[in-house]
Amino acid sequence: MRRIVPEATYKHRRERLSPAESERTERLARVVAMAENVWQDQDQARRFLTTPHPEIGGKTPLDAALTELGARQAEEVMALILYGLAA
């Protein structure tokens, strides 16, 4: 959670996230939702999301999703898997 919203912010519970925090939250939610859709199993989706992948520079999909480019790369890998094109 601290990678999305700084701990101090989380503890003081601001009413709104900053634009950057909102963007990171949206990207992570998008990548997690796609993984759950691809695998139809939360444990398998979690395993994919937390395992480094060579197609995204050896980063985990969750780490990659902290940037827009990384999120797109993780989504591309999942699309290839979903459509049986290997990744």
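From a predicted model like this one, the values you see are computed outputs, not experimental measurements.

A. Broad picture of the overall build of the chain. Counting secondary structure elements, the chain contains 5 helices and 0 strands. Helices and strands in the chain line up, N terminus first, as α-α-α-α-α. Taken across its 87 residues, the chain has 28% of its residues classed as buried. Summarising the internal contacts of the chain: among those between residues at least 6 apart in sequence, 45% fall at separations of at least 24. Looking at the chain as shown, the accessible area adds up to about 6,000 Å², and 52% of this sits on carbon and sulfur atoms.

B. Region of the structure containing the pattern of salt bridges. Counted under the stated rule, the structure contains 5 salt bridges. Among the ionic pairs, Arg46 bridges to Asp43, the shortest N-O distance being 2.9 Å. Of this pair, Arg46 and Asp43 are both found in helix α3 (residues 42-49), 3 residues apart, which corresponds to roughly one turn of the helix. Given the relative accessible area of 46%, Arg46 is considered partly exposed. In the salt-bridge network here, residues are joined through shared partners; they are Glu26, Arg30, Glu68, Arg72 and Glu75.

C. Just unusual backbone geometry, in detail. In this model, Gln40 sits at a positive phi of 55 degrees, which is unusual for a non-glycine residue. Examined against the element boundaries, Gln40 turns out to sit in the loop between α2 (19-39) and α3.

D. Inspection of the nonpolar core at higher detail. Formed by 14 residues in total, the largest nonpolar core has its most connected members in Val31, Ala35, Phe48, Leu49, Ala65 and Met78. For this core, the secondary structure elements donating two or more residues are α2, α3 and α5 (68-82). Dropping the residues within four chain positions of it, Ala35 is found in contact with Gln40, Ala45, Phe48, Leu49 and Met78.

E. Fine view of a nonpolar patch on the surface. Together, Leu82, Tyr83 and Leu85 line one region of the surface with nonpolar side chains, adding up to about 350 Å² of accessible area. Looking at the element boundaries, Leu82 is found in helix α5.

F. Highlighting the environment of Arg72. Relative to the assigned elements, Arg72 resides in helix α5. Considering only alpha carbons, one finds Arg72 and Val31, 41 residues apart in sequence, at a separation of 8.6 Å.

G. Spotlight on the environment of Val38. As for its placement among the helices and strands, Val38 is situated in helix α2. Residue Val38 is classed as buried on the basis of its relative accessible area of 15%. Residues Val38 and Ala79, 41 residues apart in the sequence, show an inter-C-alpha distance of 8.1 Å. Leave out the neighbours within four places in its chain, and Val38 touches Met78, Ile81 and Leu82.

Cut-offs applied
Residues numbered from 1 in each chain as written. Predicted model: local features only at pLDDT ≥ 70, side-chain atom pairs only at ≥ 80, totals over all residues. Heavy atoms only, no water. Helix = DSSP H or I, 4+ residues; strand = E, 2+ residues; numbered from the N terminus. Buried < 20%, exposed > 50% of the residue type's maximum accessible area, 1.4 Å probe, protein only. Contact = heavy atoms within 4.5 Å. Areas by Shrake-Rupley, 256 points an atom, 1.4 Å probe, with all protein chains shown as cover. Salt bridge = Lys/Arg side-chain N within 4 Å of Asp/Glu carboxyl O. Core = buried A, V, L, I, M, F, W, Y, C linked by side-chain atoms within 4.5 Å. Patch = residues over 30% accessible without salt bridge, like charges linked within 9 Å, V, L, I, M, F, W, Y side chains within 5 Å.

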